[in-house]
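# Chains, contacts and geometry: an overview
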Amino acid sequence: MPKLSVVIPAYNNAAVIEDTVVSILKQDYADYELIISDHSSTDRTMDVLQQFEHHPLVSLHTTTAGGGAQKNWRRVSDAASGEYIKLVCGDDVLYPGMLAAQVRALDAHPSAVAVSSRRDILDAHGVPIIRGRGLQGLAGVVCGVDAIRRTIRLGTNVFGEPVCVTLRRDALEQAGGWDGRFPYLIDMTSYSNPLLQGDLVALDQTLAGFRVTATQWSVALVNQQASQSKAYNRWFQAQVPDRISTADLWLGNRRAEVMALERRMFYSLFRSRLRPPVQEHGHG
């Protein structure tokens, strides 16, 4: 059984998924498996992935159509066997040393159920737009509820996207697995559930790149961001009302509205850089 399972729920990532997979296979950490499941893509994603079919660390799977992100995230994670699990979307990249740093952090802190680090925000071509985004001041070992309170008060995901985070697999499973009740916030919700019972290790390092493209489902859901953020805030405030106050909730809801506006401005300002690259036909 490997120490770490890296899982990729692929969907229509043909133009970029080779970069994602290579960034994982080039890591200087060896005790992991890489599990990829293609969610009935309509492009050549599976054709591109065939080049990795015989790699000793890689296993390829498919997910039947329907069910949204939660279905594919659960499908690929159900195949994992590692003590730790790291989900990487099919258009993001790991920087050198990420896996070793995050595994080392979890090994060193048994009370932690998750570790997160900062990331660069990349355009559709992999060029950084914003560098070193994330954590918003969190550092070292942080009580999980305090981290949730901070993300509520700031109206934004301080943990980052899945590429930023590694979890203890048993803690994720005991908390119910990937939780799609707030579709735009499936990642943040799913980290927060186990963080109700454990700590977060916040690594003050930039260890990944999160790619933003105009066709992403998160971009399509921009108009729902504020409402889903408010629903997330209400849910977790209700779980620990003695630690997250109604004042925290009010402040977080106002900031969630502001953050949604800022994201719309970001998508508008960088629209030309968010267009996906043209798919090349060099594999298959």
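Heads up: the structure comes first, above all this text.
Residues numbered from 1 in each chain as written. Predicted model: local features only at pLDDT ≥ 70, side-chain atom pairs only at ≥ 80, totals over all residues. Heavy atoms only, no water.

### Points about the pairing of strand S10 (residues 199-211)
Counting buried positions along S10 yields 10 of 13 residues, so the element is predominantly enclosed. The sheet contact formed by strand S5 (residues 93-94) and S10 spans 2 bridges and is antiparallel. Bridged to Val93 within S10 is Gly209. Both strand S6 (residues 112-122) and S10 contribute to a ladder of 10 bridges, which runs parallel. Its bridge partner lying in S10, Ser116 is registered against Ala202. In this structure, strand S8 (residues 140-143) lies alongside S10, joined through 4 bridges in antiparallel fashion. (Buried < 20%, exposed > 50% of the residue type's maximum accessible area, 1.4 Å probe, protein only. Helix = DSSP H or I, 4+ residues; strand = E, 2+ residues; numbered from the N terminus. Pairing = 2+ DSSP bridges.)

### Some words on the nonpolar core
Core analysis: the biggest nonpolar cluster contains 72 residues, and Ile8, Leu34, Phe159 and Tyr232 have the highest contact counts within it. In terms of residue count, helix H4 (residues 98-108) provides more of this core than any other element does, 7 residues in total. (Core = buried A, V, L, I, M, F, W, Y, C linked by side-chain atoms within 4.5 Å.)

### What to know about the environment of Gln70
Along the chain, the position of Gln70 falls in helix H3 (residues 68-78). Sequence spacing of Gln70 and Ile186 is 116 residues, and the spatial spacing of their C-alpha atoms is 7.5 Å. Excluding anything up to four places from it in sequence, Gln70 contacts Trp178, Asp179, Gly180 and Ile186. (Contact = heavy atoms within 4.5 Å.)

### Some thoughts on the pattern of salt bridges
Applying the stated criterion to the full structure yields 14 salt bridges. Linked through salt bridges whose partners overlap, the residues forming this network are Lys3, Glu83, Asp107 and Arg168. (Salt bridge = Lys/Arg side-chain N within 4 Å of Asp/Glu carboxyl O.)

### Considerations on unusual backbone geometry
For Asn12, which is not a glycine, the phi torsion comes out positive at approximately 50°. Within the fold, Asn12 resides in the loop between strand S1 (4-10) and helix H1 (17-25). A positive phi angle, near 50°, is found at Ser40, a position not held by glycine. By the secondary structure assignment, Ser40 is in the loop between strand S2 (32-38) and helix H2 (45-49).

### Here we look at the side chain of Asp179
By the secondary structure assignment, Asp179 is in the loop between helix H6 (169-174) and helix H7 (186-195). You can call Asp179 buried: its relative accessible area is 10%. Engagement of the side chain of Asp179 in a polar contact is seen with the side chain of Arg181, the distance being 2.9 Å. Within the local environment of Asp179, its side chain forms a polar contact with the side chain of Asn193, the two groups lying 3.1 Å apart. When near neighbours in sequence (up to four residues on either side) are disregarded, Asp179 contacts Gln70, Ile186, Thr189, Ser190 and Asn193. (Polar contact = N/O pair within 3.5 Å; in protein donor to acceptor, adjacent residues only side chain to side chain.)

### Points about the packing of aromatic side chains
Under the counting rule described, the total for this entry stands at 3 aromatic pairs. Both rings, one in Trp73 and one in Trp178, keep their centres 5.2 Å apart while their planes meet at 85°; by these two values the pair is edge-to-face. Here the residue Trp73 occupies a position in helix H3, and Trp178 occupies one in the loop between H6 and H7, the gap between them amounting to 105 residues. For Trp73, a relative accessible area of 5% corresponds to the buried category. What makes Trp178 buried here is its relative accessible area of 3%. Relative to Phe236, the ring of Tyr232 lies with its centre 4.7 Å away and its plane at 45°, an arrangement referred to as tilted. A residue pair is termed a helical-turn pair when its members lie 3 or 4 positions apart in one helix, as Tyr232 and Phe236 do in helix H9 (residues 225-239) at 4 residues. (Phe/Tyr/Trp six-rings, centres within 6.5 Å; stacked < 30°, edge-to-face > 60°.)

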